[in-house]
Structure formats: C-alpha cells, structure tokens
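Chain by chain, the residues:
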Amino acid sequence: MSSGEKQLPVFVIDDDESVRDSLAFMLEEHDFNVTTFADGQSFLDEVDVQQAGCIILDSRMPHLRGQQVHQILNQANSPLAVIYLTGHGDVPMAVDALQAGAVNFFQKPVKGDELARAILQGQARSATNLDMAAAKSAYESLTPREKDILRLIIEGKRNIRIADELCIAMRTVEVHRANLLKKFSAKTVAELAYIYGKLA
Amino acid sequence: MKKALWLQLWILCLVAFASLAQGAVSEQADLQGMQEQKAVQPEAKQKVEVGVLAIRGHLYAEQRWQPTIDWLNQQISDVHFVLHPLNLDEMSEAVKFQTMDFILTNPGQAVRLGRQYALSWMATLTSRAPQNSNYGIGSALVVRANSSYQTLQDVPGLPVAAVSEKAFGGYLTLRYQIVEMGLDPNDFFADVRYLGFPIDANLYQLRDGNVEAAVVPACLLEQMQNEGLLQQGDFRVLNQQPNEHSSCAVSTPLYPNWSFAKTERGASLLAKKIAQVLLAMPPDHPAVIAAGASGWTSPVSLLSIDKLYQALDLHPLQQPWWSEALRWLRSHQEWAWALFIFVIVLNAYHFWLEYRFSKSKQALEQTSLRLKEKSEQLEHSQRVAIVGEIGTSLAHELNQPLAAIRNYSEGGLLRLAKKRPHEDIVPVLEKIQGQVERADAIIQRLRTLIRKRSVYKAPCDLQVLIDDTIELLHFRMQKQNISIVTSIEGNVRPVFVDAVGVQQVLVNVISNAIDACTLFQEKYHSSGYQGKIALHSDYQVNQLSIRVLDNGTGLQQENPTQAFVSSKEEGLGLGLAICRDVMEMHGGEFLISSTAPHGCLVELVFPYQN
C-alpha cells in the first residue's frame, strides 16, 4: 500500500477517553492521520461521510451505539470503512457487523499491528468505494447516446466502426469518447474499461 | 270223757298264755314310749329340712340352732325337723335347687336370695339386750388395742382381714359405711384378705399380727371374749356407732337380724305352724339363749339392706347396663336404626376423609419434592447469574485500562523503534502508569463491594452438623440412588469452628461426591453399580480428620481447587476454592486425591487449637 493511502483519515469513536487517547497515540506512531470523537453524533456532525477513510467504532456507547452509527453510514452510502473495536463482543454481534459491511471486528485489547493492517485494508476498500461511487454517478450522468458509444468502446470497436453502426459522423464519436474519458476521470480507454467492468 | 277234759285243759292253757303274752307286749311298748319320746317311730314322720347359715363352723351352728330345731320338733310333732349347717354358697345352692324346706340366714343373704327366689319370710330374730330390737347385724372394724389406729381414715391400704366379698356383716356393711363416709372403698380395701368361714379366723389373724385390722360381724368379738377364746381388752373397735339396739361395739349402723323363711318346697300350712311356734317361744327359753337372741318377731322390712346393695352396685335385681340399653333399644327401634345409620355414615365419612387426606398428602409430598427440585435449580441459576454478572462487569471494567495500556506500550515501542529521544518515551510510561492505577482502583472497589462475611467461631458438635448436612442432601442422594454411611473413631468432642463455613464445605464435598457417582453411572451405564459415599470422622489426639470417600469418577483435572475452573457443564469452579479457603481459615487442611480403581478421597483436617 502506498503511503499516500495512510494520509486518508482514521476516525476513532470511543466514549472511554483513555482508550481513545491511547489508540490515537499508538496509531499516530503507525503514521496514521487520526481524529478522535467521544460519541457517534459529534462524528456525524463534524465529518463529511462522503470521503474515503476508516472509522474505528466502539459498539457500546451512550446515545448512539456503534451499530446505529454504522447503519446511518450505510444509509448515506458512505464510502468510509468501518472497523469494530469493542470491549464485549460475541459471535452474533461480529456476524451482524460483518454482514453490515464492516472490514473487521476486534475485541479489546487489540494488537497494534493487527489493527494497523486492518486500517490499511479498510482505507484501500474505502478508496475503492469512493471510486466506485464516482464511476456510478458518472455512468448515471451519461446520455443514452453516450451509453451506446461507451458500450461499443468497451467492446473494443474502433471509432470508425462505431460511427458506421450508429450512423453518425466520425468526429462526433471522437467528441463523445473524450467526454466519456473526462466523466470517468480515465486517462486511457483501458482505464475506462476497468472502471466499467467494476460497475457491471 | 277224758278226751274232752284234755281239750278243755289245753284251751284253758292257751288262753292263759295268750293273755300273759298280751300283757308283756303292751308293757314293752309303754317302756319304749317313755324312753324315746322324741325319736319314736322316726320313719313314720315326714322329714323337714332346715338350712342354717354356719358362720362360725358346723359345730357352732349346731350348738346355736339345734335347740331351736328341738323346740320345733317338740311343738310340731307330726313332722321331723332336721338341721343342715351350710356356708354361703351351699345356702344359695340349696335355695336354687330346693333341697331345703326352710332356711335361717343373715339379712344380707336373705335379701340376695329373696330377690331371686320365692322365699316367704316368717319371722325375724330379736336381739338380746337391751331393747329386744330386730336390728342386730352390722360390722365391727377391730384393731389390736395397742395399735395406733384411731379412726377409719387411719386404716386405708393396710392389710385387712374380712370374711368374704359376699359376707354381709363381715364385709359389705362396712364397705357401705365407707362409701357413705365419702372414702374410696377400693383404697380402703387395697390389701384385703378374705378368710371365709369360720369367721373366728379373722380375729385370730388379727391377734397374731398377720393383719392390721379385721372386719367381723357385730358381737363376734364380745362372744369370743365371753367364750374365753380371746382376751378381754386386747382389741378395740374403730368408728364406734352409738346405738340403742345392741350392747356390742359396732362400726356401722345396724341392720335387721337373722330371719326364718320358707322356700318353695316348704309347705304353707307347716310354715304357719312354725311361725306360730317361733313367735310363741318364751324369751328365757334355752333355745333362744343358745341363738344369742331374745326371741322371734314378725318379719321386718329389709329395705335398708336393699338400699345398701343398690349403693354398692350389688343388688340382685339390678340389671347390667347393656340389658337396660337393649330394652331401651327394643322400645325405640327408630332411634336405634337412626343411630346405627348415623354410625355407618360417620364411619364412611371418616374413611372418605382419610382417603382424601392420603391423596392430598401424596400430592403435597409430590409438590414439595418438585418445589425442592425447582428451588435447587433456582438457587443454582441465581448463583450462575451473579457470578456471570460480576465476571462480565469486572471483565469490561478491567478491559478498558488493559486496552489502553496495550495501546500506549505498543506506541511506545514504535517510538523506541524510530529511535525517538528518551524524553518522548517518558510521557508514554506515565500514561501507562495512570492506566495501571485505574485498574487497581477497580479492583479495590470490587474488594470493598464484596467484603467477606464475618466469621463466627464457636464450639460445635461436628457430628450433628454432619447429620444435618446429610439430611439436606438426602433428597438428591435418594434421587440418584446413592447410599451414604457415616462412622466415628475416637472420642467425639466439640470442635472450635465456624459452623456455617464448615457446613458449606461439607455440602460442597458431599455434593461433589454425589455428582461424581452420578457421572460414573451415566458414563459407563454399569448395571451393577451402586454409588457409595463413606464419611469417617477420626477424632485424633490433636486434630479431627473427616474423610469423605466416594466411588465416583474421581478427579477430572489437575488443580481442582483453582477458582473459576470447572469440569461440570454448569459449574462455576468455585466449590473447592471455597472449601480450601474455609479450611485455611480454620488453620486446617483440605486434601483431595483420586483413589483406585475409581473415586475420590477428600480429607478435612481441623486442629483442635488454632
């Protein structure tokens, strides 16, 4: 993993101050960009959930429980990756958490390097999630004509064939292709095909 | 001619002889009549049997009454009276079987017989001095003159001589007097000896000191003294009654004298003659004197004697209670049936109740058994819940500082790995210390929360405690079909212990033994297996050693007294840890080991002084 991903934010949400503080201390020593919150609500209030990053979530907290925070994030289609770190977890709780899309489920006390590995994993997944979300919205913004051209490009057809099939000018196809690359933030057709494949 | 002369001479001689002979015979008959005036031609006269009560023996009876019989024979010449001395029973027989024509008896028997058989009273004897009264029969309670007894109240319970329980003068009149005086006759006659006839024996026994008092008919004492049989002044009569009828000392009122009666066999005409003859007897006649009387009068009322018998529950006409009841039942049949049905219904109701009772008792027992089982389960689950709750809270509380410490220390290690300066490490260690303090505070809080129960030690009989504990677990052992035997060695003595704690230990140990036996049975399904527990108390010189041996599965793990480690599905792993703690508190020992081929031996050692 690149060090660039480590710059993605890590949010620690735990009502116990010493846990919060010590966790932040340890993760900072692992060179993570850590922010701590004492409860779920203040996290939801202060942080843009439509960004890539990782949350370390305690399950038993006053007001909003960890699971509820997770649910709100899922409803908002947040790309943030969720890691549970709980003092009293059991197997059903873990299963529920993983089914709801959590990256991992840890019991306190947790080994630092295991947690760090899980955070990296979560960050990667979160970045992907974000990319996917962008691709999805890009695809949804396409006109029917653009969608047709995109499908034919992915099929590997050249511009001239596409112009023939669709009975439009070659130049028009070229403009659409440039627009598609721009909309999907792709530099090459191969990259475009990769993103399209993930969408499908 | 000569022949005629001879014939004349012969006839003359014959006549002369005949006349001579005639004269001799009449002479002889005259002589006989002169000599035996009474007994002349006895076979020709009808015999009349007269029974007389012989209270002082046959000889005395003949002396007393023969003159009277002679008088009768003399006055009534066409029959011959014969005297038969009889005792009480013989007299009853005689009247019953009609072997006598007439009887002469005391008033007591007169009433007894007279109310059962047809007796016609003809005359009653009158006493001698001073009043010629008809009343002459009573009892005298005689004691020796030199004895200390003064009243009837002094005598109860002492050896007393009496004639017989049917004797009138010799027993019953005094008994009646005692009842009248409000004393308990059974107490009074607690040591009575019936000596029977002749009644003289009673006074002889008294004289010889074999009894302390004697009940005799009135005047017997005076008679015997007059006859020289007893010394004057040697005896006293207790409870002397003033009476104008008799010169004799008596302890009771006087009752009518002896009476002459006709039985069914006796002829009425003869009875009339006899009565006339008896009434006509002059008072100074030797026969009257011999009878100890002053003559005869018309029969007197025997009512007072009837009353006496009634009071003593001895009256011959008195019917037993059951015949009274039977008669009542016969005349009140509807009530009898009602009563009968009532009794039947009552009985049926009783049995029905009993049946219901036994049914509900069974149900009750079942319920109580179930209740016991449930309460045991509840207790266990409560224990599990409490331990679970404490454990969970404790785990969570301690987890937080532990997690923080781990985080800090790992961060610190990372800093060290990055060769960060010394100063950067110090705050990490300080933070770790802070978390250690937090954990310590949690443990302190828990300690104060579950402060241990205060221990109260006192001298205690451990055998009683053992019996109580076995009783507590009896239900479980019965359910699992496990037997327990206890034994004792040495001298049982009280031991200075905390009874509650020790009972907890005993419950745990025996309960473990039961579980082990049950487990063995479940594991091996051995049909011939019988779970056995032996509890042996050995009172040694310095210590008491209680050994509990079972033939269950034996130990399942290496360190059985470690807390929170259990081989049982629902166990908490606290039982033996508690046992060990309690025994340590008593300065004793808790030893546990497996035995061969299977089973477990637990030894509890209590030093007498700790």
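Starting from 1, residues in each chain are numbered consecutively following that chain's sequence as written. Ligands are numbered from 1 and chains lettered from A, in the order in which they are written. Two thresholds apply to this predicted model, a pLDDT of at least 70 for residue-level local features and 80 or more for giving and counting side-chain atom pairs, whereas whole-chain, interface and lining totals are computed over all residues. Side-chain numbers here rest on the full set of heavy atoms in the structure, without hydrogens or water.

*Asks:* Would you take a moment to explain the pairing of strand β2 (residues 33–37) of chain A for this structure?
*Replies:* For a regular strand, side chains alternate in direction, first toward one face of the sheet and then toward the other. Residues and elements named next belong to chain A. In terms of strand pairing, strand β1 (residues 9–13) meets β2 through 5 bridges, oriented parallel. In the sheet register, Val10 faces β2, and the bridge partner there is Val34. Handedness of a crossover: with both strands directed away from the viewer, a clockwise path from the first strand across the helix to the second marks it as right-handed. Segments assigned H or I by DSSP are reported as helices when at least four residues long, segments assigned E as strands when at least two residues long, and all are numbered from the N terminus. A crossover connection joins β1 to the parallel β2 through helix α2 (residues 17–29); in handedness this β-α-β unit is right-handed. Here, a strand pair is defined by DSSP locating no fewer than two bridges between the strands.

*Asks:* I tried to follow the pattern of salt bridges on my own but got confused; where do I start?
*Replies:* Two side chains carrying opposite charge are able to pair once their charged atoms lie near each other. Residues and elements named next belong to chain B. Just to be clear on terms, a salt bridge is a Lys or Arg side-chain nitrogen sitting within 4 Å of an Asp or Glu carboxyl oxygen. Under the counting rule described, the total for this entry stands at 32 salt bridges over all chains. Here Asp200 makes a salt bridge to Arg56, at a shortest N to O gap of 2.9 Å. One end of the pair, Asp200, is in helix α7 (residues 200–207); the other, Arg56, is in the loop between β1 (46–53) and α2 (58–75), and 144 residues separate them in sequence. The classification of residues rests on relative accessible area computed with a 1.4 Å probe and restricted to protein chains. Under 20% of the type maximum is buried, over 50% is exposed, and intermediate values are partly exposed. A residue is classified by how much of its surface remains accessible, and Asp200, at 11% relative accessible area, is buried. When its relative accessible area of 7% is taken as the criterion, Arg56 is described as buried. Residue Arg547 is joined to Glu603 by a salt bridge in which the shortest nitrogen-to-oxygen separation is 3.5 Å.

*Asks:* Looking at this structure, how should I read the nonpolar core?
*Replies:* Residue and element names in this part refer to chain B. Core analysis: the largest hydrophobic core is formed by 88 residues, its most contacted members being Leu72, Phe81, Leu203, Phe260 and Ile274. Residue contacts follow a heavy-atom distance rule, with two residues in contact if any of their heavy atoms lie within 4.5 Å. Dropping the residues within four chain positions of it, Phe81 is found in contact with Val48, Val50, Ile69, Leu72, Asn73, Ile76, Leu270 and Ile274. Take the buried Ala, Val, Leu, Ile, Met, Phe, Trp, Tyr and Cys residues and link them wherever side-chain atoms come within 4.5 Å; each set so joined is a nonpolar core. Membership of the second largest hydrophobic core comes to 36 residues, among which are Cys460, Val502, Ile510 and Met583.

*Asks:* Any chance you could explain the interface of chain B and chain A here in plain terms?
*Replies:* When the parts come together, some accessible area is lost, and that loss is often what is quoted as the size of the interface. Across the boundary between the two partners, chain B contributes 20 residues, which contact 21 residues of chain A. Summed over both partners, the accessible surface that disappears when two parts come together, traced with a 1.4 Å probe, is what is meant by buried area. Across the chain B/chain A interface, buried area totals approximately 1700 Å², and carbon plus sulfur atoms make up 50% of it. On the chain B side of the contact with chain A, Gln400, Arg406 and Asn407 of chain B bury the most area, a combined 28% of that side's loss. One can count 6 salt bridges joining chain B with chain A.

*Asks:* Got a minute to help me understand the sheet that holds strand β17 (residues 531–539) of chain B in this structure?
*Replies:* Strands belonging to one sheet form pairs held by backbone hydrogen bonds; the direction of such a pair is parallel or antiparallel. Residues and elements named next belong to chain B. The strand order β15-β17-β18-β20-β19 describes an open sheet built from 5 strands, whose pairing is mixed. Because the sheet does not close on itself, it has two edges, and the strands there are β15 (482–489) and β19 (589–594). Across the sheet, the axes of successive neighbouring strands diverge by a mean angle of 10°, strand direction being ignored. Note: β17 against strand β18 (residues 543–550), 7 bridges, orientation antiparallel. Bridge pairing in β18 places Ile533 opposite Asp550. Axes here mean lines fitted to C-alpha atoms, for a helix over just the part in contact, with angles spanning 0 to 180 degrees between N-to-C directions. Those strands touched by helix α16 (residues 499–524) are β15, β17, β18, β19 and β20 (600–607), and its axis lies near 150° from that of β17. Packing against the sheet, helix α17 (residues 575–585) makes contact with β19 and β20, and its axis sits at approximately 140° to β19.

*Asks:* Before we go on, may I ask you to explain the state of the cysteines in this structure?
*Replies:* By definition, a disulfide links the sulfur atoms of two cysteines through a covalent bond. All names here are of chain B. Defined by distance alone, a disulfide is two cysteine sulfur atoms within 2.5 Å. What the rule picks out here adds up to 1 disulfide over all chains. Disulfide pairing places Cys219 opposite Cys248 at an S-S distance of 1.9 Å. Between Cys219 and Cys248, the disulfide has an S-S torsion of 105° and is therefore right-handed. Taken together, the residues span a long stretch of sequence, with Cys219 in the loop between β9 (213–217) and α8 (220–226) and Cys248 in the loop between β10 (235–238) and β11 (255–256) at a distance of 29 residues. Overall, the relative accessible area of 16% leaves Cys219 in the buried class. On the basis of relative accessibility, which here comes to 11%, the residue Cys248 falls in the buried class.

*Asks:* Is there a simple way to explain the side chain of Asn399 of chain B in this structure?
*Replies:* Counting through the fold element by element, Asn399 of chain B comes out in helix α13 (residues 333–417). By the criterion applied in these results, polar contacts are pairs of N or O atoms within 3.5 Å in which, for protein atoms, one can donate a hydrogen and the other can accept it, and in which residues neighboring in sequence qualify only through two side-chain atoms. There is a polar contact of 3.1 Å between the side chain of Asn399 of chain B and the backbone oxygen of Lys108 of chain A. Apart from the residues lying within four places of it in its own chain, the contact partners of Asn399 of chain B are Gly87, Lys108 and Pro109 of chain A.

*Asks:* In this structure, what is going on with helix α15 (residues 462–480) of chain B? I would like to understand it.
*Replies:* Three or four residues apart is the spacing at which side chains of an α-helix point the same way, because the helix has 3.6 residues per turn. Residues and elements named next belong to chain B. In this model α15 runs 26 Å from its N-terminal to its C-terminal C-alpha over 19 residues, within 8% of the 27 Å that 1.5 Å per residue would give. Axes are fitted to the seven residues ending at a residue and to the seven starting at it; the angle between these axes is taken as the bend at that residue. If you look at α15, its biggest bend is around 50°, right at Leu473. For α15, the set of buried residues is Leu462, Gln463, Leu465, Ile466, Thr469, Ile470, Leu473, Phe475, Arg476 and Met477. Here α15 starts with a cap whose side-chain oxygen sits 3.0 Å from the backbone nitrogen of Gln463, and that cap is Asp461. A positive backbone phi angle near 55° is found at Asn481, which sits one or two residues after α15. A helix is expected to reach a length of 1.5 Å times the quantity of its residues less one.

*Asks:* Looking at this structure, I do not really get the environment of Asn87 of chain B. What am I missing?
*Replies:* All names here are of chain B. With respect to the secondary-structure elements, Asn87 resides in the loop between β2 (79–86) and α3 (88–96). The class of Asn87 is partly exposed, set by a relative accessible area of 29%. Considering only alpha carbons, one finds Asn87 and Leu53, 34 residues apart in sequence, at a separation of 5.6 Å. Contact partners of Asn87, with chain neighbours within four places excluded, come to Leu53 and Phe197. A polar contact of 2.9 Å, which involves the side chain of Asn87, links it to the backbone nitrogen of Glu90.

*Asks:* Is there a simple way to explain a negative patch on the surface in this structure?
*Replies:* Residues and elements named next belong to chain B. A surface patch of negative charge is lined by Asp461, Asp467, Asp468 and Glu471. Tracing the chain through its elements places Asp461 in the loop between β14 (458–460) and α15. Judged by its relative accessible area of 34%, Asp461 is partly exposed. Like-charged residues within 9 Å of one another, or nonpolar side chains (Val, Leu, Ile, Met, Phe, Trp, Tyr) within 5 Å, are grouped into patches, provided each residue has over 30% relative accessible area and no salt bridge. The Shrake-Rupley method, run with a 1.4 Å probe, gives the accessible areas here. Residue values count only the displayed protein chains as cover. Asp and Glu are treated as the negative residues and Lys and Arg as the positive ones, with His and the ends of the chain left uncounted. Lys charges are placed at NZ, Arg charges at CZ, Asp charges at CG and Glu charges at CD.

*Asks:* Would you explain the packing of aromatic side chains in this entry?
*Replies:* To describe a pair of aromatic rings, one takes the distance between the centres and the angle between the planes. By convention, a stacked pair of Phe, Tyr or Trp rings (six-membered ring in the case of Trp) has centres within 6.5 Å and planes under 30 degrees apart, an edge-to-face pair has planes over 60 apart, and any other such pair is tilted. With the rule as written, the count across this model stands at 19 aromatic pairs over all chains. On the basis of an interplanar angle of 50° and a centroid distance of 6.1 Å, the ring pair of Phe11 of chain A and Phe37 of chain A is categorised as tilted. In this pair, Phe11 of chain A is assigned in strand β1 and Phe37 of chain A in strand β2, connecting sequence segments 26 residues apart. Phe37 of chain A shares its class with Phe11 of chain A; the two are buried. Judged by centre distance (5.8 Å) and plane angle (85°), the ring pair of Trp337 of chain B and Phe340 of chain B falls under edge-to-face.

*Asks:* Whenever I open this one, helix α14 (residues 422–449) of chain B confuses me. Can you help?
*Replies:* Taking 1.5 Å of rise per residue, 28 residues should cover 40 Å, and α14 of chain B covers 41 Å from first to last C-alpha, within 8% of that figure. By the burial criterion, the buried members of α14 of chain B are Ile425, Val428, Ile432, Gln435, Ala439 and Ile442 of chain B. In the core, the buried residues of α14 of chain B are packed alongside α2 of chain A together with α13 of chain B.

*Asks:* How should I be thinking about the sheet that holds strand β6 (residues 139–144) of chain B in this particular structure?
*Replies:* Residues and elements named next belong to chain B. The strand order across the open sheet formed by 5 strands is β8-β7-β9-β6-β10, and the pairing between neighbours is mixed. In the strand order of this sheet, the two ends are held by β8 (191–194) and β10, each with one partner. Adjacent strand axes in the sheet meet at a mean angle of 30°, parallel and antiparallel pairs treated alike. Of the strands in this sheet, β6, β7 (159–162), β8 and β9 touch helix α5 (residues 168–180), which is tilted by about 110° from β9. Where α7 meets the sheet, it contacts β6, β7, β9 and β10, and its direction lies at approximately 160° from that of β9.

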